[in-house]
Amino acid sequence: MIVTDLPCCPSLKEYRQIVGAEQFSAIEELAGRLSGIRMQEINSTRQGGGVAEILASYVPFLNALGLETTWSVMEAKPAFFDVTKTLHNFLQGRDGFSPSMIETYWEAQRQNEGLIEDDADVVTIHDPQPLGLIEFLTGREREQKRLLWRCHVQLETVPTGTAGSIGNILRRLVEKYHASIFSSFQYLPLWRVPGFIIPPFIDPLSEKNRDLPTAEVDAVLAKYGIDAEKPIVTQVSRYDVFKDPVGVIEAFRKVRRKTPCQLVLVGGRACDDPECFLVLREVRETAEDDPDIHVLDLPPDSHREINALQRASDVIVQKSLKEGFGLTVTEGLWKGKPVVAGNVGGIPLQIRDGWNGYLVSTVQETADRVLYLLRHPDAAGEMGIRGREFVREYYLLPRGVQDHLAVVDQVVNGKITARESVICYHPQVVTGRMAACAPRD
Ligand code: UDP
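All of these numbers come straight from a predicted model, not from anything done at the bench.

(A) Here's a closer look at the overall build of the chain. Across its full length, the chain holds 16 helices and 13 strands. The buried share of the chain, reckoned over its 441 residues, is 59%. Pairs at least 24 apart in sequence give 75% of the contacts found in the chain among residues at least 6 apart. Charge centroids of the chain, computed over 49 positive and 60 negative side chains, lie 3 Å from each other.

(B) Molecular detail of the sheet that holds strand β7 (residues 232-236). The 6 strands are arranged β9-β8-β7-β10-β11-β12 in an open sheet whose pairing can be described as parallel. Edge strands, defined here as strands with exactly one partner in the open sheet, are β9 (293-297) and β12 (357-360). For this sheet, the mean inter-axis angle between neighbouring strands, taken without regard to orientation, is 20 degrees. The sheet contacts of helix α10 (residues 276-287) involve β8 (262-267) and β9, and relative to β9 the element is tilted by about 160 degrees.

(C) Representation of the pattern of salt bridges. Counted according to the given criterion, the structure contains 29 salt bridges. Between R16 and E28 there is a salt bridge, and its shortest N-O distance comes to 2.8 Å. Residue R16 is found in helix α1 (residues 12-19), and its partner E28 is found in helix α2 (residues 21-33); the two are separated by 12 residues along the sequence. Overall, E28 belongs to the partly exposed group, its relative accessible area being 34%. A salt bridge links E135 to K176; the nearest nitrogen and oxygen atoms lie 3.0 Å apart. Here the residue E135 occupies a position in the loop between β3 (122-126) and α6 (139-144), and K176 occupies one in the loop between α7 (166-174) and β5 (179-182), the gap between them amounting to 41 residues. The partly exposed category is assigned to E135, whose relative accessible area is 31%. The network of salt bridges with shared partners includes K230, R253, R256, E288, D290 and D292.

(D) Representation of the side chain of T84 within the structure. By the element assignment, T84 lies in helix α4 (residues 78-91). Residue class for T84 comes out buried when judged on its relative accessible area of 4%.

(E) Just the site of the ligand, in detail. Residues in close proximity to the ligand total 16 residues, the closest being K208, R238, K243, G268 and E331. Take K208: an N or O atom from its side chain is 2.9 Å from an oxygen atom of the ligand. At a separation of 2.8 Å, an oxygen atom of the ligand approaches a polar backbone atom of G268. Partitioned by chemical class, the residues of the shell around the ligand number 3 nonpolar, 7 polar and 6 charged.

(F) Quick peek at the packing of α4 against helix α5 (residues 101-111). Two elements in contact, α4 and α5, have axes separated by 9 Å at closest approach and are oriented at 120 degrees. On the basis of their axis angle, the class for α4 and α5 is oblique. The two elements α4 and α5 cross, and the hand of that crossing is left-handed. Residue-level inspection shows A79, F80, V83, T84, T86 and L87 of α4 in contact with α5, the latter providing M101, T104, Y105, A108 and Q109. In terms of residue class, the contact of α4 with α5 is made up of 7 nonpolar, 4 polar and no charged.

(G) The packing of α4 against α7, seen in detail. Between α4 and α7, the shortest axis-to-axis distance is 12 Å and the interhelical angle comes to 90 degrees. In terms of orientation, α4 and α7 fall into the roughly perpendicular class. Contacts from L87, F90 and L91 of α4 reach α7 at I166, G167 and L170. Along the lines of polarity and charge, the residues of the contact of α4 with α7 split into 5 nonpolar, 1 polar and no charged.

(H) A look at the environment of G96. Inspection of the secondary structure puts G96 in the loop between α4 and α5. Along the primary structure G96 and T86 are separated by 10 residues, whereas in three dimensions their C-alpha atoms are 6.5 Å apart. Those residues in contact with G96, other than ones at most four positions away along the chain, are T86 and M101.

(I) Representation of the nonpolar core within the structure. Judged by nonpolar contacts, the single largest core of 59 residues is most densely connected at Y58, L65, V401 and L405. A per-element tally of this core places helix α3 (residues 50-64) first, with 8 residues. Contact partners of V401, with chain neighbours within four places excluded, come to I27, Y58, F61, L62 and L65. Core analysis: the next-biggest nonpolar cluster, separate from the first, contains 40 residues, M101, C151, L173 and F182 among them.

Reading the values: the criteria
Residues numbered from 1 in each chain as written. Predicted model: local features only at pLDDT ≥ 70, side-chain atom pairs only at ≥ 80, totals over all residues. Heavy atoms only, no water. Helix = DSSP H or I, 4+ residues; strand = E, 2+ residues; numbered from the N terminus. Buried < 20%, exposed > 50% of the residue type's maximum accessible area, 1.4 Å probe, protein only. Contact = heavy atoms within 4.5 Å. Lys, Arg positive; Asp, Glu negative; His and termini not counted. Charge placed at Lys NZ, Arg CZ, Asp CG, Glu CD. Pairing = 2+ DSSP bridges. Axes fitted to C-alpha atoms, helices over the stretch in contact; angles between N-to-C directions. Salt bridge = Lys/Arg side-chain N within 4 Å of Asp/Glu carboxyl O. Near = heavy atom within 4 Å. Polar contact = N/O pair within 3.5 Å; in protein donor to acceptor, adjacent residues only side chain to side chain. Nonpolar A, V, L, I, M, F, W, Y, C, P; charged D, E, K, R; others polar. Parallel < 35°, antiparallel > 145°, perpendicular 65-115°, else oblique. Left-handed = near helix turned anticlockwise from the far one by under 90°. Core = buried A, V, L, I, M, F, W, Y, C linked by side-chain atoms within 4.5 Å.

These figures capture arrangement, not role.
Given below as structure tokens:
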């Protein structure tokens, strides 16, 4: 399915104002160099989760820059999404993937075999779900196109030893691509494919992130029965065990014993994530009918409401146990909120402990940090200001586009030739900016 309902014509002028003329001119120069190239993005869901969030802004932005780019979404039976959810968990280090699932995986690939467009010059496949589509291209097409695999998962060490195992299949598939892209250095596997690092980003002008009138924020609180006078602690996440919503409730209860506050858990059902129903039920059972705990199950297009809830919060929590990057952390920081988040995956790329938020590993630590921030609003406010400026510099859409175009420039213009060994290019180094970690004193 080709996505046709994207917002058109984002105002490049507004982005230029946000990130500054210097960075913006560099992007325009790169786009000029790639002029005439046709790009295609492929993933497995139109809405729900970070990849869909990124593509919804990224694709219109590229088109506004004059680079023709389309976005296609796989279509498959629910059984496939059960399999790919298990696969996703497997890549993040959890067992459960069985050999019988491999057939379901290939059935869905066959069903989508025509998805890669004939006239696309650069195709970026996102995550493992559509990874196998490369097998349906002819040898000639594989040579003519440039094929990139972008992995958004917190990739643990994948056991690839046994021939025919899923780890081995994935590795062999990825090694057929011209390059791979990961969110952080720590996920780069030692596979025979050039690897790039591009941290994700948020769109400051999207419905999810743009400034909102106070009256609208208040109206959203009223709609969900949230008390505007009582401090608000919020976690926004798919209902997923790795986001640890139950741990958030436990931490919240510890905080509330010491100071009045409310917890808002904002989630929804990403349509490629069948497990979320079970997790949501467990969350509701844990929350019981506690009037201070608001468990929201929002439709996937609730971007403005989520924006309002984040803005109304005193502290944002993201107590993940695994996290590819954690766009919800970026969104919280951009809204000037201190963020208390799991010390896992890409989260430490965004939070410097004690500077713009806190990194935590346990329920008790989460509770201690949230309590501190609620009791010290001045310190919380200062952290929030630092967090917003940090995101402005490193994690906004124009930077993500710049890095991606730098990768495309390298694969298209022949700067990558060796496919037989691991080569790690870092586009942020190429573009002259180091942004892979939070600043140190
Ligand atoms: N999100 C949403 N509705 C929800 C839950 C999450 O729109 O009910 C959005 C959230 O605001 C963020 C993205 O989905 O933009 C989640 O990205 P993240 O990287 O935090 O996690 P992922 O879901 O990709 O694991």
